[in-house]
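Each chain, letter by letter, is given below.
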Amino acid sequence: MDQSRATEEAASGVRWFPSARSGRGLAPEHAVRAWSTAAWLLAVEGRAYLEDMAGGVDQPELRWIVRLRLAELLLDIDLLLGGYAAIQDGHQLAMALEYGLHTVAEVDGPRLVSLFALGGGPGGPAHGDGAVPQLWEELCAAFPGRLPNPLLASGQREILRALRYWSKLCTAAGTDAAFLEPFLKDA
């Protein structure tokens, strides 16, 4: 298996970003916005959820809720990268479990339940979320681009550098970079 395929389908057996790897995608002006937003969500929000999960070692209910939120976040990113409208809060999990993911990964609903250890509810096995951090690292490693890590000592610098780069991409693609403003305020 060549290196790109090994990165694409890692230890979890998940094929990451199949649409991007096949050359299908959005028009440049939409792609810049979608991929920049996806990178932000993975790097900042996703890693914050993982930090919450790690901090809740003795709180299985909290860890279960974080796994639910991560699955919902993946659906949001999946829809964004697919060029689809966002789903209203409260409906993401139902959509993800019913239809799975297609743009972030080729994963159907039952496989998503398995990967995120969502079966059995918060009273399920305490060891069930052990694969989620590894799964998230696989996802971030497979992302077609470098994701800044705000949890590192150099994280703020990386985030600001990424925002400058995404702004330049917006200019090159003829896209208004105003959508980056809330990211800058969060940085």
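Not measured: the values here are computed from a predicted model. (Residues numbered from 1 in each chain as written. Predicted model: local features only at pLDDT ≥ 70, side-chain atom pairs only at ≥ 80, totals over all residues. Heavy atoms only, no water.)

S.K.: How do you make sense of the nonpolar core when you look at a structure like this?
M.R.: Proteins that are soluble and globular tend to have nonpolar side chains buried together. Counting 51 residues, the largest nonpolar core has Trp16, Phe17, Leu42, Leu70, Val104, Phe116 and Trp136 as its most contacted members. Taken together, the elements giving at least two residues each to this core come down to α3 (28-55), α4 (60-82), α5 (92-99), α6 (109-115), α7 (132-142) and α8 (155-173). Contacts of Leu42, omitting those with residues within four sequence positions, involve Phe17, Arg47, Leu74, Ile77, Trp136, Leu139, Phe143 and Leu147. (Core = buried A, V, L, I, M, F, W, Y, C linked by side-chain atoms within 4.5 Å. Buried < 20%, exposed > 50% of the residue type's maximum accessible area, 1.4 Å probe, protein only. Helix = DSSP H or I, 4+ residues; strand = E, 2+ residues; numbered from the N terminus. Contact = heavy atoms within 4.5 Å.)

S.K.: Hey, could you run me through the packing of aromatic side chains in this one?
M.R.: Given two aromatic rings, one states the distance between the centres and the angle between the planes to describe the pair. All told, the structure shown has five aromatic pairs when counted by the stated rule. Judged by centre distance (5.6 Å) and plane angle (85°), the ring pair of Phe17 and Phe143 falls under edge-to-face. Remark: Phe143 occurs in the loop between α7 and α8 and Phe17 occurs in the loop between α1 (3-8) and α2 (18-22); sequence separation between them is 126 residues. Per residue, the accessibility class of Phe17 equals that of Phe143, and both read buried. Put simply, the rings of Phe17, Trp35 and Phe143 touch in pairs and so form one group of aromatic residues. (Phe/Tyr/Trp six-rings, centres within 6.5 Å; stacked < 30°, edge-to-face > 60°.)

S.K.: Quick question: what am I supposed to make of the environment of Arg21 here?
M.R.: With respect to the element layout, Arg21 can be found in helix α2. For the pair Arg21 and Thr103, spaced 82 residues apart in sequence, the C-alpha to C-alpha distance is 10.0 Å.

S.K.: Mind showing me how you'd approach the environment of Leu180 here?
M.R.: Residue placement: Leu180 occurs in the loop between α8 and α9 (181-186). C-alpha separation for the pair Leu180 and Trp166, spaced 14 residues apart in sequence, amounts to 8.2 Å. Not counting the four nearest positions on each side in its chain, Leu180 is found in contact with Ser36, Leu163, Trp166, Ser167 and Cys170.

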